[in-house]
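# Coordinates in review
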Amino acid sequence: MKATKLLSDRKVHQDALAAAAAESAEHLLQVKGLKCGYGKKNPVEIVHGVDFCVDKGEFLCVIGSNGCGKTTTLKAVMGLLPAMAGQVLISGQDVHVMNEKEKARHFAYIPQAHTPPFPFSVADVVMMGRTPYVNKLSRVTKRDRMVAGKALDLLGIRHLAKAEYTNLSGGQRQLVLIARALAQESDMLIMDEPTAALDFGNQHLVLSCMKTLSKLGKAVVMVTHDPDHALFCADRVLVMGKGKVIKEGTAAECITTDVLQQIYGATARVVDVEVEPGRIERVVVPLQ
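Presented here is an overview of the structure given in this document. (Residues numbered from 1 in each chain as written. Predicted model: local features only at pLDDT ≥ 70, side-chain atom pairs only at ≥ 80, totals over all residues. Heavy atoms only, no water.)

Structurally, D192 can be placed in strand β7 (residues 188-192). One buried charged residue, D192, forms no salt bridge at all, with the nearest opposite charge on K70 at 6.9 Å. Here the side chain of D192 touches T71 through a polar contact of 2.8 Å, side chain to side chain. Those residues in contact with D192 that lie beyond four places of it in its chain are T71, L74, Y109, I110, Q112 and V223. (Helix = DSSP H or I, 4+ residues; strand = E, 2+ residues; numbered from the N terminus. Buried < 20%, exposed > 50% of the residue type's maximum accessible area, 1.4 Å probe, protein only. Lys, Arg positive; Asp, Glu negative; His and termini not counted. Salt bridge = Lys/Arg side-chain N within 4 Å of Asp/Glu carboxyl O. Polar contact = N/O pair within 3.5 Å; in protein donor to acceptor, adjacent residues only side chain to side chain. Contact = heavy atoms within 4.5 Å.)

The strand order across the open sheet formed by four strands is β2-β1-β4-β5, and the pairing between neighbours is antiparallel. The strands lining the two open edges of the sheet, one partner per strand, are β2 (44-54) and β5 (93-94). Taken together, the two bridges between strand β4 (residues 85-90) and β5 define a ladder with antiparallel strand orientation. Bridging across to β5, I90 finds its partner in Q93. Against the sheet, helix α2 (residues 70-77) makes contact with β1 (29-38), β2 and β4, and its axis sits at roughly 115° relative to β1, the strand it touches most. (Pairing = 2+ DSSP bridges. Axes fitted to C-alpha atoms, helices over the stretch in contact; angles between N-to-C directions.)

Spelled out as structure tokens, the structure:
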């Protein structure tokens, strides 16, 4: 009887593992019951059991008010912050047992525009994306240069290759950072408020670029405070509040008057506007 029960329990366990593996194989990224926060001696939980997934070629926008756990969630997803509970799988592999190079081959992070301490050329900044593939004592290879050049071409900034990064406009710098991320050849692009410091024209430039990359097959996850950005870019939206996912779905399902009131405490109306004959766009209009 004991042997039979042992075999039965083992089969149940094996079936559960097989089911989990099959489920994770269906999605590029799968986040299950993720809990995370800050502090070692007395850790404070910020994110409380988050579940979501991302597929190849999908553009996911994460929206919510300041302090709701958006950035903390991204850090834990990329393995930069340990999980207190739950699991993060990328291509079926547990992120939190990977080394730094393995993580870098799966995730490319695009920060808000920044100024480096040295006037690197654009080509040098983009080449930094090849770091996960270059050993400490090895030189940049012909393939590294080819990949970096292809990234510059894809974004239409090859003509800036010899320019100093520090002399570029905000929008151009952000395109260079995106090219660096593409040179990394990762599975997924992660962005945290990438347009926060940009003017309207450069915001549209960067968002249009990311939307195109998604259509070309790149998975993109972007945190934003602007619901109009989600309406413009997103295939799906994850709405967060107080460390939890409070709604998930298409932009049309998630960007509503009620949801905006709930997460931002703002009175706004979501309306459809005919921007040109036959073309309808949905926008958010603040009422107060």
